[in-house]
Amino acid sequence: MSDDDLIAAARGAARHSYSPYSRFAVGAALRFADGSVVTGTNIENASYGLALCAETVAAAKAMDAGRRGGLVAAAVTGPADVPITPCGRCRQVLNELAQLGGTDPDILCVGADTVKQIKLSVLLPAAFGPASLMQD
Ligand code: THU
């Protein structure tokens, strides 16, 4: 699947966004080394702080399906003109999946007219991950 198709998949996922409080529909699409794609969208809650981000939902779906690595790219779309970059928590969640498979995925941050492509390791340098827990 091309980057354009991945972005289209993220935009498609955002159509199912449950975001009545922020009215900020986000879509995420994760591409894996075997070519498969897992999508997610943001899910808010009347208790505002419990909102789930699109990237976190996508990563949870992927891990629930048994994936433990192979993450090569992620596209994130939002309703704003400026490219949307994953929030800090989502960077950490994506990092878990990436580190498990030893990849450094390209994150496609999509805006109205531009796409910023940034490596996850640049968005989250010196990340704490599974390897950080290794003792002796
Ligand atoms: N949101 C995401 O889904 N991903 C991000 O990386 C940033 C923020 C969602 C959370 C909330 O539902 C809405 O966008 C506004 O913050």
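Residues numbered from 1 in each chain as written. Predicted model: local features only at pLDDT ≥ 70, side-chain atom pairs only at ≥ 80, totals over all residues. Heavy atoms only, no water.

### Some points on the pairing of strand S5 (residues 115-119)
Alignment of strand S4 (residues 106-110) against S5, held across five bridges, turns out to be antiparallel. Across the sheet, the residue bridging to Asp106 is Lys119, located in S5. Turn length for the S4-S5 hairpin, with the two strands adjacent in sequence and antiparallel, is four residues. (Pairing = 2+ DSSP bridges. Helix = DSSP H or I, 4+ residues; strand = E, 2+ residues; numbered from the N terminus.)

### Thoughts on the nonpolar core
Counting 21 residues, the largest nonpolar core has Leu30, Phe32, Ala62, Leu71, Leu94, Leu97 and Ile107 as its most contacted members. Only strand S1 (27-32), helix H2 (54-64), strand S3 (71-77), helix H3 (88-101), S4 and helix H4 (120-123) provide two or more residues apiece to this core. When residues in this core are grouped by element, the largest group, four residues, is from H2. Counting nine residues, the second-largest nonpolar core is a separate cluster that includes Leu6, Ala73, Leu108 and Val110. (Core = buried A, V, L, I, M, F, W, Y, C linked by side-chain atoms within 4.5 Å. Buried < 20%, exposed > 50% of the residue type's maximum accessible area, 1.4 Å probe, protein only.)

### Quick word on the packing of H2 against H3
Contact geometry of H2 with H3 gives a least axis separation of 9 Å together with a crossing angle of 25°. Judged by the inter-axis angle, H2 sits roughly parallel to H3. The handedness of the crossing between H2 and H3 comes out as left-handed. Contacts from Glu55, Thr56, Ala59, Ala62 and Met63 in H2 reach Arg89, Cys90, Val93, Leu94, Leu97 and Leu100 in H3. Partitioned by chemical class, the residues of the contact of H2 with H3 number eight nonpolar, one polar and two charged. (Axes fitted to C-alpha atoms, helices over the stretch in contact; angles between N-to-C directions. Parallel < 35°, antiparallel > 145°, perpendicular 65-115°, else oblique. Left-handed = near helix turned anticlockwise from the far one by under 90°. Contact = heavy atoms within 4.5 Å. Nonpolar A, V, L, I, M, F, W, Y, C, P; charged D, E, K, R; others polar.)

### A few points about the sheet that holds S3
Strand order in the open sheet made by the five strands is S2-S1-S3-S4-S5, with mixed pairing throughout. Whereas interior strands pair on both sides, the edge strands pair on one side only; in this sheet they are strand S2 (37-41) and S5. Neighbouring strand axes in the sheet, compared pairwise and without regard to direction, differ in orientation by 15° on average. As paired elements, S1 and S3 share six bridges and run antiparallel to each other. Counted as the bridge partner of Gly27 is Thr77 from S3. The sheet contacts of helix H1 (residues 3-14) involve S1, S2, S3, S4 and S5, and relative to S1 the element is tilted by about 140°. Those strands touched by H2 are S1, S2 and S3, and its axis lies near 140° from that of S2.

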